[in-house]
Amino acid sequence: MSKVSDTKLKTKQIVKKHRGDKSALIAVLQDIQEAFNYLPKDALTVTGKALGIPISRVYEVATFYNAFSLKPRGEHIVKICMGTACHVRGASAIQDKMERTLCIKPGETTADKKFSLETVNCVGACALGPVVVIDTEYHGQVTMAKVDKIIGKLKEGAQQS
Ligand code: FES
């Protein structure tokens, strides 16, 4: 099956799960992002048609929330907290280190599609700063050595899969 038709098929299944309910647009987009790790263009088109919502409105919602991405993202999403508490505890140095380790800047994805890097505001764990959230896992009091360790582990895991 081609990638495009696979995307369309999966999106139709997601819309069906939400019974084609127009008011479920955000929930549908969340499920699409969970399935593909971003919101593919074809998926947005299918969603608009299936829910009877203009594509412009679908894009409006998809671009309004930071949690949604219109660009393909890596298997692991690395978020560096740049909130005040983390900033005073060296978040900038952690960002530099992460950029050098992954060879990408925030907003970018590694060539092997394993990692995407983002900076975010306070993630609500200030006492643990500097904080890095990878996928859903929080890492507190992150140091240069810890960056190597965490990313090294994920890379190893990636090679095994
Ligand atoms: S500032 Fe980083 S968790 Fe609050």
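Residues numbered from 1 in each chain as written. Predicted model: local features only at pLDDT ≥ 70, side-chain atom pairs only at ≥ 80, totals over all residues.

**Things to note about helix α6 (residues 91–102)**
In this model, α6 (12 residues) spans 16 Å end to end at C-alpha, consistent with the 16 Å of a helix rising 1.5 Å per residue. Every buried residue of α6 is accounted for by A91, I94, Q95, K97, M98 and L102. Here the buried residues of α6 occupy an arc of 165 degrees about the axis, which is enough to place them on one side. Looking at the residues trailing α6, positive phi occurs at C103, about 60 degrees. (Helix = DSSP H or I, 4+ residues; strand = E, 2+ residues; numbered from the N terminus. Expected span 1.5 Å × (residues − 1). Buried ≥ 20, exposed ≤ 12 C-beta atoms within 10 Å, placed from the backbone. Arc of directions from axis to C-beta.)

**Regarding the nonpolar core**
The biggest cluster of nonpolar side chains holds 16 residues, and the ones touching the most others in it are V78, I80, C81, A91, I94, M98 and V132. Those elements giving two or more residues to this core turn out to be β1 (76–81), α6, β2 (115–120) and α7 (144–160). With 4 residues, the single largest contributor to this core is α6. Of all hydrophobic cores here, the second largest spans 10 residues; its members include V15, I32, L39 and A43. (Core = buried A, V, L, I, M, F, W, Y, C linked by C-beta atoms within 7 Å.)

**Looking at the pairing of β1**
Residues in a regular strand project their side chains so that they alternate between the two faces of the sheet. Relative to β2, β1 runs parallel, the two being bridged by 6 bridges. Note on β2: the bridge partner recorded for I77 is S116. Relative to strand β3 (residues 132–134), β1 runs antiparallel, the two being bridged by 3 bridges. The residue of β3 that forms the bridge with V78 is I134. (Pairing = 2+ DSSP bridges.)

**With respect to the packing of helix α3 (residues 41–51) against helix α4 (residues 55–64)**
One way to put it is that α3 packs onto α4 with a least axis distance of 9 Å and a crossing angle of 125 degrees. In this view, α3 runs oblique relative to α4, as classed from their interaxial angle. The hand of the α3/α4 crossing is right-handed. Of the residues in α4, those touching α3 at L44, T45, T47 and G48 are I55, V58, Y59 and A62. (Axes fitted to C-alpha atoms, helices over the stretch in contact; angles between N-to-C directions. Parallel < 35°, antiparallel > 145°, perpendicular 65-115°, else oblique. Left-handed = near helix turned anticlockwise from the far one by under 90°. Contact = placed C-beta atoms within 7 Å.)

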